[in-house]
Amino acid sequence: MNAVSQVFAVLAAVIYIAVFPLESFLMHRPGAQKFLSTPPQNVPAVMMWAIPTGFRNLVIGLGVLAGVVAVNTGYVVVGYTLVIYCCANMVLTAPAMFLADMQGHYPRKGDSIPGTVGATVPALIALVALPF
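Worth saying up front: this structure is predicted, and the values here are computed from it rather than measured.

Analysis parameters
- Going along each chain's sequence as written, the residues are numbered from 1 onward.
- pLDDT decides what is reported in this predicted model: residues at 70 or higher carry local features, side-chain atom pairs at 80 or more are listed and counted, and totals for whole chains, interfaces and linings draw on all residues regardless.
- Excluded from the side-chain calculations are hydrogens and water; all other atoms, namely the structure's heavy atoms, are used.
- Any two cysteine sulfur atoms within 2.5 Å of one another count as a disulfide.
- Throughout, exposure labels follow a simple rule: accessible area from a 1.4 Å probe, protein chains only, divided by the maximum for the residue type, with under 20% read as buried, over 50% as exposed, and the rest as partly exposed.
- Working definition of a nonpolar core: buried Ala, Val, Leu, Ile, Met, Phe, Trp, Tyr and Cys residues. They are joined through side-chain atoms within 4.5 Å.
- Here a helix means four or more residues in a row that DSSP labels H or I, a strand means two or more in a row labelled E, and each is numbered from the N terminus.
- Whether two residues touch is decided by their heavy atoms; if any such pair falls within 4.5 Å, the residues are in contact.
- By this rule the span expected of a helix is its residue count minus one, scaled by 1.5 Å.
- Each polar contact in these results corresponds to two N or O atoms within 3.5 Å; when the atoms are within protein, one needs to be able to donate a hydrogen and the other to accept it, and residues that are neighboring in sequence are counted only if both atoms are side-chain atoms.
- For this analysis, a ring pair means two rings from Phe, Tyr or Trp (six-membered ring only for Trp) whose centres lie within 6.5 Å, classed as stacked if their planes differ by under 30 degrees, edge-to-face if by over 60, and tilted for the remaining angles.

**Student:** Would you mind going over the state of the cysteines with me for this structure?
**Tutor:** Note: disulfide means a covalent bond formed between the sulfur atoms of two cysteine side chains. All chains considered together, the criterion is met by 0 disulfides. Cys87 supplies the cysteine sulfur nearest to Cys86, a cysteine that is in no disulfide, at a spacing of 7.1 Å. Overall, Cys86 belongs to the buried group, its relative accessible area being 5%.

**Student:** Explain the nonpolar core here, please?
**Tutor:** Most often, soluble globular proteins have nonpolar side chains that are buried together. Counting residues in hydrophobic clusters, the biggest one holds 19 residues, and the most contacted among them are Ala9, Tyr16, Val64, Val83, Cys87, Met90 and Ala123. Secondary structure elements with two or more residues in this core: helix 1 (3-24), helix 3 (43-72), helix 4 (76-93) and helix 6 (113-129). For this core, the element with the most residues is helix 4, which contributes 5 residues. Sequence-distant contacts of Ala123, that is, excluding residues within four places in its chain, are made with Ala12, Cys87, Met90 and Val91. Counting 6 residues, the second-largest nonpolar core is a separate cluster that includes Val19, Met27, Val46 and Ala50.

**Student:** What's the story with helix 1 in this structure? I'm lost.
**Tutor:** Residue pairs spaced three or four apart in an α-helix point in one direction, given the helix's 3.6 residues per turn. Given a rise of 1.5 Å per residue, 22 residues ought to cover 32 Å, and the 32 Å separating the end C-alpha atoms of helix 1 matches this to within 8%. Ser5, Gln6, Ala9, Ala12, Ala13, Tyr16, Val19, Phe20, Glu23 and Ser24 are the residues of helix 1 that are buried. Capping of helix 1 at its N-terminal end is provided by Asn2; its side-chain oxygen lies 3.2 Å from the backbone amide nitrogen of Val4.

**Student:** I would appreciate a short explanation of the packing of aromatic side chains in the present structure.
**Tutor:** The description of an aromatic ring pair uses the distance of the two centres, along with the angle that the planes make with each other. Counting across every chain of the model gives 3 aromatic pairs. Taking 5.5 Å as the distance between ring centres and 80° as the angle between the ring planes, the aromatic pair formed by Phe20 and Phe25 counts as edge-to-face. Between Phe20 and Phe55, the aromatic rings sit 4.8 Å apart at their centres with planes inclined by 75°, giving edge-to-face as the arrangement. Placement of the pair is Phe20 in helix 1 and Phe55 in helix 3, with a sequence separation of 35 residues. Here Phe20 falls in the buried class, since its relative accessible area comes to 12%. Classification of Phe55 as partly exposed rests on a relative accessible area of 37%.

Structure (structure tokens):
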């Protein structure tokens, strides 16, 4: 696996892992609410999906890191499989934030764009760079 793929795969993993505690444990804090575009009055309602989503993000991020470690320790097929599957998961599911935004489920139109880009682009670059 080339360096570009590894760097962007790790970046994608770090983003997903870093967001995990915000979604799962810190949603009641104003900074997390602002970062996640969640108005304070909506926090109780969204916690039922935010906690599982946060843990899903953690597992996907850890899967990417495990794949990069596997590739670099000689388990190439396992590593590639993990990185491809987990990054594809990120690329295919993160745009759902944008879809929810376009349907009016965010406080303001466009609030999802930074999160959608951050959750999609590094993983997409990692996947696109794999063959080179």
